[in-house]
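Report on the structure
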Amino acid sequence: MASESNDAPPATTHVNTMTDGVTRVFTWEEGARIEVRNLGGEIVIEANAGGLKTLAGHLLTLAQDGTPDGAHLHLEADNGLENGSASLVLERCDGE
């Protein structure tokens, strides 16, 4: 994914995924900044307003009807998160 000087994806970034023949589109808000820190006993997700809207959109995309169990999105320091961030996986799990 291309990155701007602040390492956040540009506003035009869309990630299309196809699962079970259904395309899901993940988008990033303009100026989105998301940092994930692992503090041992807790995980901190720090984001500006654009980053919070981006994460909310990603979660809503995974929550769409027809999205299969196990569908997921990987976010990493070089893929949607600030440099130095811990990796983050958003995954749908409908089972127990």
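To keep things clear, this report deals only with the structure shown in the data block. From a predicted model like this one, the values you see are computed outputs, not experimental measurements.

Right, let's get into the overall build of the protein. Across its full length, the protein holds one helix and six strands. Helices (α) and strands (β) of the protein occur, in sequence order from the N terminus, as β-β-β-β-α-β-β. Looking at the protein residue by residue over its 96 residues, the buried ones come to 31%. In the structure as shown, the protein presents an accessible area of about 5,700 Å², 49% of it carried by carbon and sulfur atoms.

The side-chain alternation of strand 5 (residues 72-75) yields one buried face, formed by Leu73 and Leu75, and one unburied face, formed by His72 and His74. Where strand 5 meets strand 6 (residues 88-91), four bridges bridge the pair, whose relative direction is antiparallel. The residue of strand 6 that forms the bridge with Leu75 is Leu88.

What follows is about the pattern of salt bridges. Scanning the entire structure with this criterion turns up four salt bridges. Measuring nitrogen to oxygen at the nearest pair gives 3.2 Å for the salt bridge that ties Arg37 to Glu46. A relative accessible area of 28% places Arg37 in the partly exposed class. Residue Glu46 is classed as partly exposed on the basis of its relative accessible area of 32%. Arg92 serves as the salt-bridge partner of Asp94, at 2.9 Å between the closest nitrogen and oxygen. By relative accessible area, which is 51% here, Asp94 ends up exposed.

On to the side chain of Thr61, then. Following the sequence through the fold, Thr61 ends up in helix 1 (residues 49-63). Classification of Thr61 by relative accessible area gives buried; the value is 8%. In this structure, Thr61 is in contact with Arg24, Val25, Phe26 and Thr67, ignoring residues within four places of it in sequence.

Rules used in this analysis
Residues numbered from 1 in each chain as written. Predicted model: local features only at pLDDT ≥ 70, side-chain atom pairs only at ≥ 80, totals over all residues. Heavy atoms only, no water. Helix = DSSP H or I, 4+ residues; strand = E, 2+ residues; numbered from the N terminus. Buried < 20%, exposed > 50% of the residue type's maximum accessible area, 1.4 Å probe, protein only. Areas by Shrake-Rupley, 256 points an atom, 1.4 Å probe, with all protein chains shown as cover. Pairing = 2+ DSSP bridges. Salt bridge = Lys/Arg side-chain N within 4 Å of Asp/Glu carboxyl O. Contact = heavy atoms within 4.5 Å.

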